[in-house]
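Okay, here's what each chain looks like letter by letter:
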Amino acid sequence: MAGAITHDKASQLRDAVDEALRAAPEVTDSARAAFARLVDVLESSDDAVVFPAEATISTSQAAALLGVSRMTVVRLVDRGEMRAETSAVHRRIPVAELARYQAVTQTRRRSAMAKLAGDVTEDTPADRVIETR
C-alpha cells in the first residue's frame, strides 16, 4: 500500500520532528508518541484522519470512517456495542470510542482468521476447505 509520503520523506520528517521536540522539553511523552504515530500513518497509508481525543462525530461520519452504513452504526449504538452521547434526536460518538471499537473489531477479526487458518491443514479434504452456508 502506498502512503501519503514516501519512506525517504517520512525519515526526513521524523528527523525534523525529533529535532524540534528536543528543543521543546515541555512537550509530553504522549505528544511525542502522537507525532511519531502520525508520521507512521502518513508513510503507510494514503488516507489519514486526525481528531482531538475529546471530539465527537455523527453517526454518518462514524459510518464513513468504518466503511459501513449509517444504520449499521445506529444498530451498534442501540445494541450497546458502541457508546454514544444521545439526545432526543441525535447520536454523537466520541472518537475515542470509535478507536476502541475499531481495535476490538480488529482483534476479533484477527482471532477468527487465526482460528480459521488453524482449522485448515494439509490433511483437510479440498471439499471441506471451501464450504457454503
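These figures come from a predicted structure and were not determined experimentally.

## Brief notes about the UniProt feature "domain: Helix-turn-helix" (unreviewed entry) in the protein chain
Moving on, step 1. The sites that UniProt annotates as "domain: Helix-turn-helix" (unreviewed entry) are residues 58-102.
Moving on, step 2. As a span, residues 58-102 carries 56% helix and 16% strand, and end to end its C-alpha atoms are 16 Å apart.

## Structural notes on the sheet that holds strand 3 (residues 91-94)
Moving on, step 1. The strand order across the open sheet built from 3 strands is 1-3-2, with neighbouring strands paired in antiparallel fashion. What marks the edges here is a single partner per strand, and that holds for strand 1 (56-58) and strand 2 (85-86).
Moving on, step 2. Relative to strand 3, strand 2 runs antiparallel, the two sharing 2 bridges. Pairing of Thr86 across the sheet is with Arg91, part of strand 3.
Moving on, step 3. Lying over the sheet, helix 5 (residues 95-119) contacts strand 1 and strand 3, oriented at roughly 70 degrees with respect to strand 3.

Basis of the calculations
- Residues numbered from 1 in each chain as written.
- Predicted model: local features only at pLDDT ≥ 70, side-chain atom pairs only at ≥ 80, totals over all residues.
- Heavy atoms only, no water.
- UniProt positions renumbered as here; feature names shortened; annotations may be inferred.
- Helix = DSSP H or I, 4+ residues; strand = E, 2+ residues; numbered from the N terminus.
- Pairing = 2+ DSSP bridges.
- Contact = heavy atoms within 4.5 Å.
- Axes fitted to C-alpha atoms, helices over the stretch in contact; angles between N-to-C directions.

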